[in-house]
Amino acid sequence: MFQRLKRTWPLLLLWLDLIYSFILNIVASISLEQTPASQNNLPVSPDIAFSWLQVIANGGMVLTLSFAFSILLQLNRAVQQHQLWPMTPVRISALLIVLAFSLPAWWQWLWALWALAHGQMVVEWHNLRYLIVSILLLYPACLCLRLLWIRHRQHKNIDDSDNFIQPAGTQPPY
């Protein structure tokens, strides 16, 4: 359990931040302070309706990423326990979602490092939560690719041991 948590705590923090951001989005949509009031002090209805469209879109993103992270956690468990983990279309899609979520952060950080190397100030320290999340966004892609590589090696070792000719009356090594 500790080994799995040691590898996956950044995912859990990202997931908690997604939930926190979603709750903030709901609170902002409920709040009528941002909506300009007309002369009779009633809120303008399209603003209320459109703010809830954003909540629905963010909720879908939270559900999609929660599912994708759970698949990544399943892969992590299977790799650590040396279990076979078949790649179904749903699992492949979930891992691609994780990569689509995380790889743009790598691109942005590479450009930020390039700009930093050329003397531009690229890190703003006034919003620490944003900085931490932007750093943690790098982790899911690394974890996903690393686990897929380990899974590939494990399956290759199993296939190699299947090709080993067993003497009569003996059991295979797995």
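Our subject is the structure that appears above.
Computed from a predicted model, the values in this text were never measured in an experiment. (Residues numbered from 1 in each chain as written. Predicted model: local features only at pLDDT ≥ 70, side-chain atom pairs only at ≥ 80, totals over all residues. Heavy atoms only, no water.)

Peer 1: In this structure, what is going on with the pattern of salt bridges? I would like to understand it.
Peer 2: Between side chains of opposite charge, a pair can form as their charged atoms come close. Evaluated as defined, the whole model comprises one salt bridge. Between Arg-129 and Asp-17 there is a salt bridge, with the nearest N and O atoms lying 2.6 Å from each other. Linking Arg-129 in helix α4 (residues 128-136) with Asp-17 in helix α1 (residues 2-30), this pair joins segments that are 112 residues apart in sequence. Under the relative-accessibility criterion, Arg-129 is labelled partly exposed at 38%. A relative accessible area of 15% places Asp-17 in the buried class. (Salt bridge = Lys/Arg side-chain N within 4 Å of Asp/Glu carboxyl O. Helix = DSSP H or I, 4+ residues; strand = E, 2+ residues; numbered from the N terminus. Buried < 20%, exposed > 50% of the residue type's maximum accessible area, 1.4 Å probe, protein only.)

Peer 1: Would you take a moment to explain the nonpolar core for this structure?
Peer 2: If you look at soluble globular proteins, the nonpolar side chains tend to sit buried side by side. Ranked by internal contacts, the top residues of the largest apolar core, which has 32 residues, are Leu-14, Phe-69, Leu-72, Leu-75 and Leu-95. Counting only elements with at least two residues in this core, the list comes to α1, α2 (45-80), α3 (89-117), α4 and α5 (139-162). With nine residues, α2 is the single largest residue contributor to this core. Once residues lying within four places of it in the same chain are set aside, the contact partners of Leu-95 are Ile-71, Leu-72, Leu-75, Trp-85, Met-87, Cys-144 and Leu-148. (Core = buried A, V, L, I, M, F, W, Y, C linked by side-chain atoms within 4.5 Å. Contact = heavy atoms within 4.5 Å.)

By themselves, these figures tell us nothing about what the structure is for.
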